[in-house]
Amino acid sequence: MQDPISFIDLAAQQRRIRDRIDARLARIMDTGAYILGPDVKELEAALSDYAGLAHTLGCASGTDALMLPLMAWQIGPGDAVFVPSFTFAATAEVVALVGASPVFVDVLPDTFNMDPESLDRAILQIRDAGKLTPKAIIAVDLFGQIADYPSIRAIADTYGLKLISDAAQGFGSTLNGEQAGRFADVVATSFYPAKPLGCYGDGGAVQTDDAELDAIMRSLHVHGQGTDRYDNVRIGITGRLDTFQAAVLLEKLPLFDEEIAARQRVAEIYEKGLRDLVITPEIMDGAVSTYAQYTIRIRGGRRAQFMARMRDAGVPTVIYYGKPLHKQTAYLSYPVESGALPVCDALCEEVVSLPMHPYLERDTQQRIIDAARAALDDARAA
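Report on the accompanying structure. Worth saying up front: this structure is predicted, and the values here are computed from it rather than measured.

**Remarks on empty space enclosed by the protein**
Then, number 1: Using the criterion set out here, one finds four cavities of 30 Å³ or more in the structure.
Then, number 2: Its volume calculated, the largest cavity comes out at about 110 Å³.
Then, number 3: Looking at the largest cavity, it is lined by 16 residues, and the ones nearest its centre are L10, Q13, K195, P196 and R263.
Then, number 4: Counting residues per element, the ones that place at least two in the lining of the largest cavity are α1 (10-31) and α9 (256-274).
Then, number 5: Classifying every residue of the lining of the largest cavity gives eight nonpolar, three polar and five charged.

**Points about the environment of S48**
Then, number 1: When you line up the elements, S48 lands in helix α2 (residues 38-51).
Then, number 2: Note: C-alpha distance between S48 and T208 (160 residues apart in sequence) is 8.8 Å.
Then, number 3: Discounting residues that sit within four places of it in the chain, S48 has contacts with L53, A54, H55, T56 and Q207.

**With respect to the pairing of strand β10 (residues 294-297)**
Then, number 1: Here β10 shows a buried face lined by Y294 and I296 and a second buried face lined by T295 and R297.
Then, number 2: Two strands pair when backbone bridges link them, and β10 and strand β11 (residues 351-354) are joined in this way by four bridges, in the antiparallel orientation. Within β11, the residue paired with R297 across the bridge is V351.

**Examining the nonpolar core**
Then, number 1: Counting 48 residues, the largest nonpolar core has F82 and I137 as its most contacted members.
Then, number 2: In terms of nonpolar packing, the next biggest core, distinct from the first, is built from 43 residues, L142, F143, L213 and I237 among them.

**Examining the sheet that holds strand β5 (residues 162-166)**
Then, number 1: Strand order across the open sheet formed by seven strands is β1-β8-β7-β5-β4-β2-β3, with mixed pairing between neighbours. Lying at the two open borders of the sheet, with one neighbouring strand each, are β1 (55-59) and β3 (101-105). Between one strand axis and the next, the sheet turns by 25 degrees as a mean value, whatever way the strands run.
Then, number 2: The pairing of strand β2 (residues 79-84) with strand β4 (residues 133-140) spans four bridges and is parallel.

**Here's the deal with the pattern of salt bridges**
Then, number 1: Scanning the model with the defined rule gives 17 salt bridges in all.
Then, number 2: Salt-bridge contacts for E350 lead to R297; the nearest nitrogen and oxygen are separated by 2.6 Å. On the criterion of sequence distance, the pair formed by E350 in helix α11 (residues 342-350) and R297 in strand β10 is long-range, its members being 53 residues apart. A single burial state applies to E350 and to R297, both of which are buried.
Then, number 3: Notably, a salt bridge pairs K327 with D345, separated by 3.3 Å at the nearest N-O pair. Within this pair, whereas K327 is found in the loop between α10 (303-312) and α11, its partner D345 is found in helix α11, the two being separated by 18 residues in sequence.
Then, number 4: Note on K327: relative accessible area 43%, which makes it partly exposed.

**Observations regarding the packing of aromatic side chains**
What describes a pair of aromatic rings is the distance from one ring centre to the other and the angle between the planes of the rings.
Then, number 1: In this structure the tally under the stated criterion is 16 aromatic pairs.
Then, number 2: Ring geometry for F143 versus Y321: centroids 6.3 Å apart, planes at 15 degrees, classification stacked. In this pair, F143 sits in the loop between β4 and α6 (149-159) while Y321 sits in the loop between α10 and α11, placing the two residues 178 residues apart along the sequence. Across the pair, exposure class does not vary: F143 and Y321 are buried alike.

**With respect to the state of the cysteines**
Then, number 1: Scanning the model with the defined rule gives zero disulfides in all.
Then, number 2: The structure places no disulfide on C348, whose sulfur is separated from the nearest cysteine sulfur, that of C344, by 6.6 Å.

**Looking at the side chain of S190**
Then, number 1: Positionally, S190 belongs in strand β7 (residues 186-190).
Then, number 2: Of the polar contacts made by the side chain of S190, one reaches the backbone nitrogen of Y192; its length is 3.1 Å.

**Some details on unusual backbone geometry**
Then, number 1: With an omega dihedral of 15 degrees, the bond running from Y320 to Y321 counts as a cis peptide bond.
Then, number 2: For F112, which is not glycine, the phi torsion reads 70 degrees and is therefore positive.
Then, number 3: Relative to the helices and strands, F112 resides in the loop between β3 and α5 (116-129).
Then, number 4: The exposure class assigned to F112 is buried, which follows from its relative accessible area of 6%.
Then, number 5: The backbone of S338 shows a phi angle near 60 degrees, a positive value even though the residue is not glycine.
Then, number 6: One can find S338 in the loop between α10 and α11.

**Observations regarding the packing of α5 against α6**
Then, number 1: Two elements in contact, α5 and α6, have axes separated by 9 Å at closest approach and are oriented at 15 degrees. Our classification of the angle between α5 and α6 gives roughly parallel. The two elements α5 and α6 cross, and the hand of that crossing is right-handed. Each of P116, L119, D120, I123, L124 and R127 in α5 lies in contact with α6, whose residues at this interface are S151, I152, I155 and Y159.

**A look at the environment of I283**
Then, number 1: If you trace the backbone, I283 turns up in the loop between α9 and β9 (287-288).
Then, number 2: Residue classification places I283 among the partly exposed positions, given a relative accessible area of 26%.
Then, number 3: Taking C-alpha positions, I283 is 9.2 Å from I146, a pair spaced 137 residues apart along the chain.
Then, number 4: Leaving out residues up to four positions away in the same chain, I283 has contacts with Q145, S289 and Y291.

How each quantity is defined
Residues numbered from 1 in each chain as written. Predicted model: local features only at pLDDT ≥ 70, side-chain atom pairs only at ≥ 80, totals over all residues. Heavy atoms only, no water. 1 Å grid on protein atoms, 1.4 Å probe; cavity = no way out; pocket = protein on both sides within 12 Å on 5 of 7 lines; lining within 4 Å. Points joined across faces, edges and corners; volume = space filled by probe spheres on them. Helix = DSSP H or I, 4+ residues; strand = E, 2+ residues; numbered from the N terminus. Nonpolar A, V, L, I, M, F, W, Y, C, P; charged D, E, K, R; others polar. Contact = heavy atoms within 4.5 Å. Buried < 20%, exposed > 50% of the residue type's maximum accessible area, 1.4 Å probe, protein only. Pairing = 2+ DSSP bridges. Core = buried A, V, L, I, M, F, W, Y, C linked by side-chain atoms within 4.5 Å. Axes fitted to C-alpha atoms, helices over the stretch in contact; angles between N-to-C directions. Salt bridge = Lys/Arg side-chain N within 4 Å of Asp/Glu carboxyl O. Phe/Tyr/Trp six-rings, centres within 6.5 Å; stacked < 30°, edge-to-face > 60°. Disulfide = S-S within 2.5 Å. Polar contact = N/O pair within 3.5 Å; in protein donor to acceptor, adjacent residues only side chain to side chain. Parallel < 35°, antiparallel > 145°, perpendicular 65-115°, else oblique. Left-handed = near helix turned anticlockwise from the far one by under 90°.

Fair warning: the whole summary comes from geometry, so function is off the table for now.
And the structure:
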């Protein structure tokens with residue numbers, strides 16, 4: 001009987017660094033520095049160096065990392081923040097949580113990232129309607145690929161809007177050698193365990209070159225405290241990164257570039273093995289994806305049959321995402337560019353993700369490709 005296939009294999013990486021992680025965790029246990037211990041400051045410095053940004057703030061989650069700059073900029077009721085609809089709920093959730101209105105825009109059919117033309121139309125529609133004030137854009141680096149930030153940055157500058165990079169899936173992705181921080185006012189990322197750079201619980205970080213913004217976010221993420229912890233100068237949250245998770249990330253970060261390269265190799269093998277049967281991921285010229293997921297498109301209503309046959313073959317598959325945000329119950333009342341987002345709608349009916357991680361062995365990947373080809377042939381014949 002063949003070994004089961006993991007959709008994401010976290011254990012293989014852990015075996016490489018378990019001793020070092022254990023040693024760091026033991027030191028934290030010995031010192032009792034559980035909250036904002038020295039590992040957090042060490043990680044923040046290492047992440048700043050990695051991304052080439054002056055300030056990094058460790059956060060309790062990627063959601064907090066997205067929300068903190070909105071809070072710091074005092075974005076709230078009556079304000080509009082433009083977000084793609086084909087993404088995880090956190091991207092829009094943070095906008096609603098601060099009282100502002102997410103405005104949903106379409107994505108590109110090849111990269112799955114925010115469509116600059118749809119964004120431009122949405123901004124003009126909101127501005128002309130006069131009910132909301134455009135304030136910010138949150139672009140998502142979906143499935144590991146950096147968004148088209150040169151185009152999005154130009155639009156943000158034209159209308160005087162702030163730009164946040166939601167790099168929860170795409171931290172480390174580059175365009176012509178530049179990370180998202182080269183273009184965005186803020187980069188927010190998640191360290192959820194399944195992310196390319198993940199910890200062993202919840203965690204995140206927000207990065208910027210703006211010292212004043214960083215100072216305000218640091219206050220906000222500890223209840224809005226001032227120089228005295230019992231003199232809170234603004235309304236904040238409990239958004240601190242746990243010291244244990246910082247310790248884990250400090251041992252994972254040195255492996256990160258190597259693992260990104262390994263993900264490229266896995267993606268290339270998938271591309272060669274499947275491109276004649278399905279629509280494989282499109283990577284922009286000059287871009288390097290971290291391939292948080294390897295997502296293909298299956299047209300013709302054959303996805304359900306494909307996934308059933310893959311399951312029968314012992315290969316896990318996952319749909320990211322089955323329903324666009326603008327059609328989910330919590331977001332039905334918010335504006336939608338031109339009233340409909342056809343690309344988002346189509347993708348939700350066609351996308352399916354295959355196992356992807358940097359430790360996917362060649363023979364195991366060939367099993368996945370062989371199973372996928374057989375499943376696609378069966379689904380096409382059904």
